[in-house]
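Letter by letter, the chains look like this.
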Amino acid sequence: MGAVLSALAVLAAGFGAPAPCSAGIVIVPDDHPTVQLGIDSGADTILVRAGTYAESPTMSAAPNRSRIVLMADPAASPRPTLQGLAVSILDHDTGDLNVVGLRVVNRVTVRTHRVIASYRFEACLLEDGLWHGGPPPAFDHAGGLTLLRCVIRGAVGMTVGSLTMESDTVNAVGGMSFHAIDPIRVSNCWFRDSPIGLELFIRTGGASVEVVGSEFENCDIGLRVTDNDNSALVLVQKNRTQN
């Protein structure tokens, strides 16, 4: 147990999170037989051991529990697999939900209606993409999305307040589309085998958009940016296209 917690603290520090204390950690299936029960336990960090879990859990932030980390055991090989996953921040103003190192077979659904909501997926394999689990939120209540070193397949369609993508591999056969406000940062990603590699709809005046150092391979359209009022500050450089 001590070795697991030590490795967990190192990995958590690696994605910008403070090292959790052991009192805030539960392990699935050691402490709880299912991932959903681990989440429902109230722990800040849910560590999931290797295995296939026939469930589609829901992560929901609450006023007294605004930050949740759902992550693979750093020693897990192969990575833990979930059938599906839903994440939501609906009933209060802040929330910070982090998913690290998991494989999700079916579409991940996101629900957000709060400005300061934050959703982060790191080193995940999302086999069927990422989508809103209900009607998209108002643009000024969309929250922020970070995708870091993920492999994303299927289709992606999201309304976000801010978007950060770094070192992701995207093979979204149904396309990857974001309605976004500000800022948007996409760097060192690989978009491949899609009608449109990345599509951005800018929904606020003067937004800052950067797409840098990425590769678009076998895409009919690599990058398409639509700016409603032609006031966005768009930087597109050091990208590469290949067919």
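Scoring rules and cut-offs
Residues numbered from 1 in each chain as written. Predicted model: local features only at pLDDT ≥ 70, side-chain atom pairs only at ≥ 80, totals over all residues. Heavy atoms only, no water. Helix = DSSP H or I, 4+ residues; strand = E, 2+ residues; numbered from the N terminus. Pairing = 2+ DSSP bridges. Axes fitted to C-alpha atoms, helices over the stretch in contact; angles between N-to-C directions. Phe/Tyr/Trp six-rings, centres within 6.5 Å; stacked < 30°, edge-to-face > 60°. Buried < 20%, exposed > 50% of the residue type's maximum accessible area, 1.4 Å probe, protein only. Lys NZ or Arg CZ within 6 Å of the ring centre and 35° of its normal. Core = buried A, V, L, I, M, F, W, Y, C linked by side-chain atoms within 4.5 Å. Contact = heavy atoms within 4.5 Å.

Q: Tell me about unusual backbone geometry, residues and numbers included.
A: A cis geometry characterises the amide bond from valine 28 onward to proline 29, with omega recorded as 10°. Structurally, proline 29 is set in the loop between β1 (25–28) and α2 (35–40). Going from serine 77 to proline 78, the amide bond is cis rather than trans, its omega being -5°. Mapped onto the elements of the fold, proline 78 is located in the loop between β5 (67–72) and β6 (81–82). Its identity as a non-glycine residue notwithstanding, alanine 123 has a phi of 55°, on the positive side. Its place among the elements puts alanine 123 in the loop between β11 (116–122) and β12 (125–126).

Q: Report on the sheet that holds strand β17 (residues 162–166), specifying residues and quantitative values.
A: The strands making up a sheet associate through backbone hydrogen bonding, with each pair oriented either parallel or antiparallel. If you trace the ten strands from one edge of the open sheet to the other, you get β1-β2-β5-β8-β11-β14-β17-β20-β22-β24, paired in parallel fashion. Across the chains shown, the open sheet's two edge strands, defined by having one partner strand only, are β1 and β24 (233–237). Strand-to-strand twist across the sheet, computed as the mean angle between neighbouring axes with direction ignored, equals 10°. Bridging between strand β2 (residues 45–48) and β5 involves four bridges; their strand directions are parallel.

Q: Please give an account of the packing of aromatic side chains that cites residues and values.
A: Taken as a whole and assessed by the stated rule, the structure comprises one aromatic pair. Seen in terms of ring centroids, phenylalanine 191 and phenylalanine 216 are 5.0 Å apart; in terms of plane orientation they differ by 10°. Their pairing is stacked. Taken as a pair, phenylalanine 191 in strand β21 (residues 190–202) and phenylalanine 216 in strand β23 (residues 215–227) lie far apart in primary sequence, 25 residues in all. In this structure phenylalanine 191 comes out as buried when scored by relative accessible area, which is 0%. In this structure phenylalanine 216 comes out as buried when scored by relative accessible area, which is 5%. Across the ring face of tryptophan 131, the terminal group of arginine 107 is positioned such that the distance to the ring centre comes to 4.9 Å.

Q: Just give me the short version of the nonpolar core, but keep the residues and values in it.
A: Counting residues in each nonpolar core, the largest one holds 55 residues, and the members touching the most others are Leu70, Leu85, Phe121, Leu145, Met165, Met176 and Phe178. Per element, the largest residue contribution to this core is four residues, and it comes from β21. In this structure phenylalanine 121 touches Leu85, Val87, Val99, Val108, Leu130, Leu145, Thr146, Leu147, Leu148 and Cys150, once residues within four positions along its chain are discounted.

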